[in-house]
Amino acid sequence: MRKSLYMTTALAAAGMLAFGATGAVAGSHTGGKIKIGLGGFLNTYIGYAEQDGSFESTASATTRVGYDQINIKTDSEVYFTGGTKLDNGVGVNVVIQLEGDPSGANGAIDESYVKLTGGFGDVRIGSTKFASFVLRHGAPGAGAVALGNPDTNSFIVKPANNSVGAAQGTHIGGGDQMKLVYITPKMNGFRVGASYVPSATNADTMPAVGGTAGTEVQMYDLVASYENKLGGMDLKADVAAFREQGAAAASIDGRRFGVTLGFGAVTIGGSVLNEDAVDSGQSILATNPDMDSMDVGISYKMSAATTIGLTFFNAKKENASGTAGEDSVSKYGAGINHSLGSGVTFVGSLANVQWEDESTADADNNDGWLAVAGIKVGF
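If you're wondering where the values come from, they're calculated on a predicted model, not measured in any experiment.

On a plain count of helices and strands, the protein comes out with four helices and 16 strands. Across the 379 residues of the protein, 40% fall into the buried class. Long-range pairs, those at least 24 residues apart, make up 60% of the contacts in the protein between residues at least 6 apart in sequence. Working note: accessible area of the protein is about 18600 Å², and carbon and sulfur atoms make up 61% of it.

This is how it looks when you write it as structure tokens:
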């Protein structure tokens, strides 16, 4: 039934687009095609970090890797965007995002999708984020590195045997697999969204999901969001559910909740995420362990140009072995954002990261401090 709902939404949006086709074609003779504009960002960071000494080497393991104290990294994307409005009032927008980092997938397409908007809501088709990611809320903060994602891994090294994923966080639906997304219009502060991914593999082939030879993982999410001003408080909250459905060892259920409360210059908030195996018999396998994560934070807008923040993040997973305990990561951080004008912002972070393994082996545990500063340029 869920699949039928998605198909109905897609057909309805296509129908609205089709009713405006005559006007769109006529417009193409007078106004020409959609004009594409350029945008994006380039963020550059330099940081100092100290790993735990026993993680790098011990008297009995002098061949273990040692790490420098200084690292430099960039994060950049170029956006190609354009849009128009048809005679029937339906907005049509296209978005293509190009990665620009030589250290990563330089030149690769990140997101590429078409968005239809109108009184019916927001329909997105293509490679883009899930509805639950678009409507999420969580810990506010500031600085050069976000604690609820793998930014800190570039400075405090994640031990290879720690089962907490490299891309830890409290959000769900951050992947850019080909999908259909629908988000309702906002009604009294409420919005609802849903997404459908026929195959987690980005390919043009028909998804092979049935029989013993079926290999594809399909994904679904459903999210409800509320944003409103109640007296002098800005309230934003969301609750979402997520399913990855494939083979038993690759099927995951996820649930999250997030909220932020704004009181003038001060914003506080946090979020929680729980993921576990659809098949309870898979819950302790390394391919699909249970995970719980949370973040909490506070930010203060000191002036129109300057914001400071404090954030805490924690994630933990059961490991594949029968050893008691869990693998975990805990992060504590403070940061600052200061606008320099013309889309240029100075950012700085000071954070402590603690990777803990259920084993006591030095190579499986690491903690350290990082200090990172950088410039964010939007264009």
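Take Ile183: it is sitting in strand E6 (residues 178-183). Here Ile183 falls in the buried class, since its relative accessible area comes to 3%. A sequence separation of 10 residues divides Ile183 from Gly193, and the C-alpha atoms of the two residues are 4.1 Å apart. In this view, Ile183 contacts Gly121, Asp122, Ala131, Val134, Leu135, Arg191, Val192 and Gly193; residues no more than four positions away in its chain are not counted.

Let's shift gears to the pairing of strand E14 (residues 326-341). As defined by bridge partners, strand E13 (residues 306-318) adjoins E14 across 13 bridges and the pair is classed as antiparallel. What sits directly across from Asn314, in E14, is Ser330. Where E14 meets strand E15 (residues 344-356), 13 bridges bridge the pair, whose relative direction is antiparallel. Bridging from a neighbouring strand, Ser328 pairs with Glu356 of E15.

Below, the discussion takes up the nonpolar core. Ranked by size, the top nonpolar core spans 17 residues in total, and within it Phe155, Ile156, Val329, Val353, Trp355, Leu370 and Val372 carry the most contacts. Residue assignment for this core shows that the elements contributing at least two residues are strand E1 (37-50), E13, E15 and strand E16 (366-378). Here this core gets four residues from one element, more than from any other, and that element is E15. The residues contacting Ile156, other than those within four sequence positions of it, are Ala49, Glu50, Gln51, Val353, Trp355, Asn366, Gly368, Trp369 and Leu370.

Within the protein, residue pLDDT values average 85, and 83% of them lie at 70 or more. Confidence over residues 1-30 falls short of pLDDT 50; this stretch has 25 contacts with residues more than four positions distant or in other chains.

Here we take up unusual backbone geometry. In the Ramachandran plot, Asn188 falls in the positive-phi region, its phi being about 55° despite a non-glycine side chain. Within the secondary structure, Asn188 is located in the loop between E6 and strand E7 (190-197). Using a relative accessible area of 69% as the deciding quantity, one classes Asn188 as exposed. In this structure, Ser342 is a non-glycine residue whose phi angle is positive, near 55°. Among the structural elements, Ser342 can be located in the loop between E14 and E15. Judged by its relative accessible area of 75%, Ser342 falls in the exposed class.

On to the pattern of salt bridges, then. Inspection of the entire model under this criterion finds nine salt bridges. Across the pair Lys229 and Asp234 runs a salt bridge, and its minimum N-O distance is 3.5 Å. Notably, a salt bridge pairs Asp253 with Arg243, separated by 2.4 Å at the nearest N-O pair. Highlighted residues: Asp253 in strand E10 (residues 252-263) and Arg243 in strand E9 (residues 233-245), separated in sequence by 10 residues. Looking at Asp253, the relative accessible area reads 17%, which means it is buried. The partly exposed category is assigned to Arg243, whose relative accessible area is 26%. Overlapping salt bridges bring together Glu111, Lys129 and Asp176 as one network.

Procedures and definitions
- Residues numbered from 1 in each chain as written.
- Predicted model: local features only at pLDDT ≥ 70, side-chain atom pairs only at ≥ 80, totals over all residues.
- Heavy atoms only, no water.
- Helix = DSSP H or I, 4+ residues; strand = E, 2+ residues; numbered from the N terminus.
- Buried < 20%, exposed > 50% of the residue type's maximum accessible area, 1.4 Å probe, protein only.
- Contact = heavy atoms within 4.5 Å.
- Areas by Shrake-Rupley, 256 points an atom, 1.4 Å probe, with all protein chains shown as cover.
- Pairing = 2+ DSSP bridges.
- Core = buried A, V, L, I, M, F, W, Y, C linked by side-chain atoms within 4.5 Å.
- pLDDT = per-residue confidence, 0-100.
- Salt bridge = Lys/Arg side-chain N within 4 Å of Asp/Glu carboxyl O.

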